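Chains, contacts and geometry: an overview
One-letter residues, chain by chain:
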Amino acid sequence: MASTAVLAALSDVHGPRYLNLLNMSLDALRDVNLVLLAGDLVERGAVHHCKLVVDRIRSVYEGELLAVFGNEEYDERKEELKRLCGDVRWLDDEYVVVALEGLRVAVIGTRGVLDKPTRWQLRNVPGIRELYRKRLERIEELLKKASREAHCVVLLTHYAPICGTLEGENERVWSQLGSRRLTRVIMRAKPDIVIHGHAHNGKRPMVRLGETRVYNVALPAVGRVTRIVVGARGLSAFM
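Residues numbered from 1 in each chain as written. Predicted model: local features only at pLDDT ≥ 70, side-chain atom pairs only at ≥ 80, totals over all residues. Heavy atoms only, no water.

The residue Ala 9 is located in strand E1 (residues 4-10) in this model. For Ala 9, a relative accessible area of 0% puts it in the buried group. Sequence spacing of Ala 9 and Asn 216 is 207 residues, and the spatial spacing of their C-alpha atoms is 9.3 Å. (Helix = DSSP H or I, 4+ residues; strand = E, 2+ residues; numbered from the N terminus. Buried < 20%, exposed > 50% of the residue type's maximum accessible area, 1.4 Å probe, protein only.)

What follows covers the nonpolar core. Ranked by internal contacts, the top residues of the largest apolar core, which has 58 residues, are Leu 22, Leu 29, Leu 36 and Ile 195. Looking at which element gives the most residues to this core, the answer is E1, with six residues. What Ile 195 contacts, discounting residues up to four positions off in sequence, is Ala 9, Leu 36, Ala 38, Val 154, Leu 155, Leu 156, Thr 157, Tyr 215, Val 217 and Ile 228. One finds Ile 128, Leu 142, Ala 150 and Ala 189 within the second-largest nonpolar core, a separate group that totals 26 residues. (Core = buried A, V, L, I, M, F, W, Y, C linked by side-chain atoms within 4.5 Å. Contact = heavy atoms within 4.5 Å.)

What follows is about the sheet that holds strand E6 (residues 103-110). Taken in spatial order, the six strands make up an open sheet running E5-E6-E7-E10-E12-E11, and their pairing is mixed. Only two strands of the sheet have a single neighbouring strand rather than two, namely strand E5 (94-100) and strand E11 (206-209). Taking each pair of neighbouring strands and ignoring which way they run, the sheet shows an average axis angle of 25°. Relative to strand E10 (residues 193-196), strand E7 (residues 152-157) runs parallel, the two being bridged by four bridges. Looking at E10, one finds that Leu 156 is bridged to Ile 195. Strands in contact with helix H5 (residues 128-147) are E5, E6 and E7; relative to E6, the strand with the most contacts, it is inclined by about 175°. Along the sheet, helix H6 (residues 180-189) contacts E7, E10, E11 and strand E12 (212-216); its crossing angle with E11, the most-contacted strand, is approximately 65°. (Pairing = 2+ DSSP bridges. Axes fitted to C-alpha atoms, helices over the stretch in contact; angles between N-to-C directions.)

What follows covers the state of the cysteines. The term disulfide refers to a covalent linkage connecting the sulfur atoms of a pair of cysteines. One pass over the structure, following the stated rule, counts zero disulfides. Cys 163 takes part in no disulfide bond, and the closest cysteine sulfur to it belongs to Cys 152, at a distance of 18 Å. (Disulfide = S-S within 2.5 Å.)

Here it is, written out as structure tokens:
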């Protein structure tokens, strides 16, 4: 069994607004085992721009693409998005185990949760607090299940756990960018890697939560595609 595999991750292209940042770091997508997309590939539900983003990735990468929906991929546009970008596997509160050079990597994909719903969500999404509560339970359940099936567990989420990767954002709105409750789930379940987006102004691209490495892969924050080396438990590292 290979000891390590290389992931590439990015989010918040808001196509075409930050497409130039993707174009400038396409070389980071070469020779990777898996590409993960942490949401907000498009701007304000303009799903036709997703193909623009995916085509740029496909210019250098032919492997599997796993993605989650961001807040800009509106619920009512999900099916259209899946149709337009049919070679992307969208994970919506579910997980998949992929074999990467003999390494079994579980990827749990979710839009994520907020501790404090935004005003727009409170007006437009009935039962949003209950939705987040149930989703959080689902995430923990999936993390536990995946850990029994894989050598390495990755949580891919658009919204952030509340931790150091949010530094640079106004701390008063952290609860509308992510979730401290998710942070506690991560501390209990101990996935190897957490990958999130959404934090455009984050100044720390990677921090630790106990044994877990947490990465903010939002292009406006980090300015490039993020490469992550993963291995069996205890072998994950940052590139």
